[in-house]
Amino acid sequence: MNVIARSFAVLIIAFMVLTLPSIESNSSGVHNRAGSGCTCHYSGNTPTLSENFPSTYTGGQTYNIQISVSGGVSGSNGGFNVVVDKGTLSAPAVGIMSVKVDSSGQSVTHTTNSYRSWSFDWTAPTSGSGNVAVDLAVMSANGNNRNSGDAWTTSSLTIPEAGPTNTAPSATNVYISDVPGPASAITQAYYDMDLFSNYDFNDADGDADSGTELRWLKDGTEVSQFNDINLLSQSATSIGDIWTMTILPSDGTDFGAKVTSSNSVEIIDYDADGDGYGDQSDAFPNDENEWADTDNDGVGDNADAFDDDNTQTTDSDGDGYGDNASGNNADAFPNDANEWADSDGDGVGDNADAFPNDPTETVDSDLDGVGDNADAFPNDASETADSDGDSVGDNADAFPNDATETMDSDSDGVGDNADAFPNDASETADSDLDGVGDNADAFPNDASETTDSDGDNVGDNADAFPNDPAETMDSDGDMVGDNADVFPNDATESSDFDADMIGDNADTDDDNDGLLDTEEALLGTDPYDADTDDDDVNDFEDAMPLDATETMDTDGDGVGNNADTDDDADGLYDLDESSMGTDRLNPDSDDDGVLDGEDVFPLDATESSDSDNDGVGDNSDAFPNNPLETVDSDGDGVGDRADAFPDDASETMDSDGDGVGDNEQKAQEEKDAARMQLIIVIGVLVVLAGVGGVLFMRRRASGQDPQKETTPLPEIGNADLAQPLYPTQDTQPAQQLAAAPTVENQWTDENGHTWRRMSDGSTLWWNGNDWQNV
């Protein structure tokens, strides 16, 4: 081929390359690309990768791995690739099979670009395999079936094998001894002895004792200055202390359970004379009969008659008073065990002297506390004086200073001699001599009257109503007193409850409440009380006149409004009507002819139902049976939510999300295809012209060279003219490698859901936010 021909061939190839569409992305995934990432895609914003690989692994264990990508670009398309250098990857046993694993079992990727989250299993390598390296790559795709405008990111993990576990140690045979090394546990130790801790350390792993904590406790409280010291010095203990010890075993990694010593040790003193008192506290450490000298007189308390008095030591008569007259507790009668003091110095010991502090008295024969020398009745313990000289002692004389009176039988302060009623303490005089004392006689100066039962100052004998202080007369004899009788001279009437000057017997509505007395008898209300149940509502106006808690019954169901949970019987509880703002006493608050309980919009007279429960009434809802749509702004029969162009009646869809409606885009694509076809045709014509030119030049050159032999071209029949000049060349426009699916049909079902059937055979459903593959 000469230079000119080769040049034309290069131009043709370049032209064909320029007219080919962009390379399509691999929607079914690729293996072993996790390390380098999705380099065939032009990445936009970096997305976020999420995974749940374990931080450490156990050999041979299978882990379910979840991996997902978020952010980057909008939409729901994506892909991933994970590669491990150890262990085995596999598809999950259950769930959507959206992943595939290569034959090595060490690379897993997606099978479709419809998801952004995936699940697969990883079985860890056998124990002792060491660290596992994991490479991950994820991509969020824009779904344009090309390799531009997507976003991807990578990550890598190193997973070590889980290490062995440690068994905590234990301590046994914990006790305190008074000598080092293996010894017996003790319960007592002298104050001048040291104490030693003992325990056995046990560890199932064979670990050595490391970091074990030893604590000494005195009387149950830790003494921190002796922490971790095996020997407790005698200088740290005192007589009476109670010591225990605890061990918290440690192998340097873990602590075991704390153990308290099996014995407690009491610090005690020596007892040389064996009297049960320690030498340190025994005043006579070598005398088993003595151990105390309270008064410090050198004589032990057991031998000292006065162990708390250092001035006395003997008591000859054993009366508890010392023989030493100059000391404390001296005995005035050292040889008389019954006496030891004579306080008044009358020569009679205080024990025998009835009046030890009165030198004028020593005897009280009647034991009345008054000495015989001063007692007017020395042998009568009940009397000592007779002030009025009537030979009746003052204690027995009711009137000790009145010689004419000695008794007051009724104890009313008036002597029997002067008392008209000596045995009645409430009476002493009877002025009208009617046999009734003046105190009890309501009329003490009127012998015809003695009682006024009702206290109205009219005696019972003259009072027509002796027990009614408000009445004394009954002029008409009707047993109603004149004061209370509205008609005091009419024996047939006595009251006029409603003050209408008609007696109650003749009045048909005594309480003027609007109900006849006969009606009130049937209702059970009080004909003399206009408000029988005292609820401040007149019986005639009260729907429940016998129930103080009720006055109204709006729906006439026999249940008062206070107790009735639905006063207007509209099917709504009163509490619900209060919160909803409807009128609990009006069954149709918005007056639209539909009861509030049946009205979805009880406060809106223009609406009463909402068939699709979307919160918009059927009258206002352009799609009353579609809960996802309520408005169709452009009137094209597609709701605004599903309509990509809600204000353009000529467009409803934007399948590729480029902001241009499918109808407009289809027209543009057809125009672009026609333009491309024209360009290709022109290009082919140019090529043919060039080839023709070359042939012409060659023929011309051969005509000028008579020496060159020519071979005539074979004849081409009419049938051959129909064949293409170059059979290997396609004169049709270059086809796109894989076009995005287009919408073949779109419809809305009886439930208001919008559907699409795509050119690739798939079916999509609009969920209110985006199209979902079914």
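On a predicted model such as this, the values are computed, not experimentally measured, just so you know. (Residues numbered from 1 in each chain as written. Predicted model: local features only at pLDDT ≥ 70, side-chain atom pairs only at ≥ 80, totals over all residues. Heavy atoms only, no water.)

Some points on the overall build of the chain
Regarding its fold elements, the chain presents 5 helices and 22 strands. Expressed as a percentage of its 774 residues, the buried residues of the chain come to 31%. When the accessible area of the chain is evaluated, it comes to approximately 44400 Å², of which 51% is carbon and sulfur surface. (Helix = DSSP H or I, 4+ residues; strand = E, 2+ residues; numbered from the N terminus. Buried < 20%, exposed > 50% of the residue type's maximum accessible area, 1.4 Å probe, protein only. Areas by Shrake-Rupley, 256 points an atom, 1.4 Å probe, with all protein chains shown as cover.)

Things to note about the sheet that holds strand β22 (residues 771-773)
Overall, antiparallel pairing links the 4 strands, which are arranged β19-β20-β21-β22 in an open sheet. The outermost strands of the open sheet, each flanked by one partner alone, are β19 (743-748) and β22. Neighbour-to-neighbour, the strand axes of the sheet open up by a mean angle of 25 degrees, direction not taken into account. The pairing of β19 with strand β20 (residues 754-758) spans 5 bridges and is classified as antiparallel. Directly across from Val-743, in β20, lies its bridge partner Met-758. (Pairing = 2+ DSSP bridges. Axes fitted to C-alpha atoms, helices over the stretch in contact; angles between N-to-C directions.)

Brief notes about the packing of aromatic side chains
Evaluated as defined, the whole model comprises 13 aromatic pairs. Judged by centre distance (6.2 Å) and plane angle (75 degrees), the ring pair of Tyr-57 and Trp-122 falls under edge-to-face. Of the two residues, Tyr-57 is situated in the loop between β1 (48-51) and β2 (62-70) and Trp-122 in strand β7 (residues 117-123); the sequence distance between them amounts to 65 residues. Just as Tyr-57 is buried, Trp-122 falls in that class too. (Phe/Tyr/Trp six-rings, centres within 6.5 Å; stacked < 30°, edge-to-face > 60°.)

Looking at the environment of Pro-359
Locating Pro-359 in the fold gives a position in the loop between β18 (265-268) and α2 (517-523). A residue is classified by how much of its surface remains accessible, and Pro-359, at 53% relative accessible area, is exposed. In the structure, Pro-359 is positioned 12 residues away from Gly-347 in sequence and 9.1 Å away in space, judged by C-alpha atoms. Not counting the four nearest positions on each side in its chain, Pro-359 is found in contact with Asp-344 and Asp-346. (Contact = heavy atoms within 4.5 Å.)

Quick word on unusual backbone geometry
One non-glycine residue with positive phi stands out, namely Asn-296, at about 55 degrees. Relative to the elements of secondary structure, Asn-296 occurs in the loop between β18 and α2. We classify Asn-296 as exposed; its relative accessible area is 67%. In this structure, Ala-499 is a non-glycine residue whose phi angle is positive, near 55 degrees. On the secondary structure map, Ala-499 appears in the loop between β18 and α2. Exposure remark for Ala-499: the relative accessible area of 60% places this residue in the exposed category.

Details of the pattern of salt bridges
As enumerated under the stated definition, the model contains 4 salt bridges in all. One salt bridge connects Asp-672 with Arg-675, and the closest N-O pair in it is separated by 3.0 Å. In this pair, Asp-672 and Arg-675 both sit in helix α4 (residues 662-703), 3 residues apart, roughly one turn of the helix. Take Arg-675: its relative accessible area is 43%, and that puts it in the partly exposed class. One continuous salt-bridge network, built from bridges that share partners, spans Glu-213, Arg-215 and Asp-228. (Salt bridge = Lys/Arg side-chain N within 4 Å of Asp/Glu carboxyl O.)

Comments concerning the pairing of β20
Because side chains alternate across β20, one face comprises the buried residues Thr-754, Arg-756 and Met-758, and the other comprises Trp-755 and Arg-757, none of which is buried. Between β19 and β20, which pair antiparallel and follow one another directly, the connecting turn spans 5 residues, one of which, Gly-752, has a positive phi of 90 degrees. Inspection of the sheet shows β20 paired to strand β21 (residues 763-766) by 3 bridges, in the antiparallel sense. By the bridge assignment for β21, Trp-755 is matched with Trp-765. In textbook terms, the turn of a hairpin is the stretch between consecutive antiparallel strands, and for β20 and β21 this stretch comprises 4 residues, one of which, Gly-761, has a positive phi near 90 degrees.

Focus: the side chain of Asp-438
If you trace the backbone, Asp-438 turns up in the loop between β18 and α2. Side-chain polar atoms of Asp-438 contact the side chain of Ser-431, separated by 2.4 Å. Ignoring any residue separated from it by four or fewer positions in sequence, one finds Asp-438 in contact with Glu-427, Ala-429, Asp-430, Ser-431, Asp-432 and Pro-444. (Polar contact = N/O pair within 3.5 Å; in protein donor to acceptor, adjacent residues only side chain to side chain.)

Thoughts on the nonpolar core
By size, the foremost hydrophobic cluster in this structure holds 21 residues, and its most contacted members are Phe-53, Ile-67, Phe-80, Val-82, Phe-120, Trp-122 and Val-134. Breaking this core down by element, the ones donating at least two residues are β2, β3 (77-84), β7 and β8 (132-141). (Core = buried A, V, L, I, M, F, W, Y, C linked by side-chain atoms within 4.5 Å.)

What about the sheet that holds strand β10 (residues 170-177)?
Read across the sheet, 3 strands follow the order β10-β12-β15 without closing on themselves; strand pairing throughout is antiparallel. If you trace the sheet from one side to the other, it starts and ends with β10 and β15 (231-232), each paired once. In the sheet, strand β12 (residues 195-202) pairs with β15 via 2 bridges, with the strands oriented antiparallel. The partner of Phe-196 across the bridge, within β15, is Leu-231.

A look at a negative patch on the surface
Among the surface-exposed residues, Asp-656, Asp-658, Glu-669 and Glu-670 lie close enough to one another that they form a single negatively charged patch. Within the fold, Glu-669 resides in helix α4. (Patch = residues over 30% accessible without salt bridge, like charges linked within 9 Å, V, L, I, M, F, W, Y side chains within 5 Å. Lys, Arg positive; Asp, Glu negative; His and termini not counted. Charge placed at Lys NZ, Arg CZ, Asp CG, Glu CD.)

Some remarks on the confidence of the model for the chain
Low pLDDT marks regions whose predicted coordinates should not be analysed in detail. Looking at the chain as a whole, the pLDDT averages 85, with 89% of positions reaching at least 70. In the predicted structure, residues 16-25 sits below a pLDDT of 50 and forms 16 contacts with residues beyond four places in sequence or in another chain. Of the regions scoring below 50 in pLDDT, residues 705-737 engages in 19 contacts with residues more than four places distant in sequence or in other chains. (pLDDT = per-residue confidence, 0-100.)

Points about the environment of Thr-565
Assignment of secondary structure puts Thr-565 in the loop between α2 and α3 (574-580). By relative accessible area, which is 48% here, Thr-565 ends up partly exposed. Linking Thr-565 and Leu-575, residues 10 residues apart in sequence, is a C-alpha distance of 7.7 Å. Beyond its immediate stretch of four places on either side in the chain, Thr-565 contacts Leu-572, Tyr-573 and Asp-574.

Focus on the side chain of Asp-293
Along the chain, Asp-293 falls in the loop between β18 and α2. As a buried residue without a salt bridge, Asp-293 has its nearest oppositely charged side chain in Lys-218, at a separation of 31 Å. Here the side chain of Asp-293 touches Asp-297 through a polar contact of 3.2 Å, landing on its backbone nitrogen. Setting aside chain neighbours within four positions, we find Asp-293 in contact with Ala-283, Phe-284, Gly-298, Val-299 and Asp-301.

Topic: a nonpolar patch on the surface
Together, Leu-678, Ile-682 and Val-686 make up an exposed nonpolar region whose accessible area comes to about 280 Å². When you line up the elements, Ile-682 lands in helix α4.

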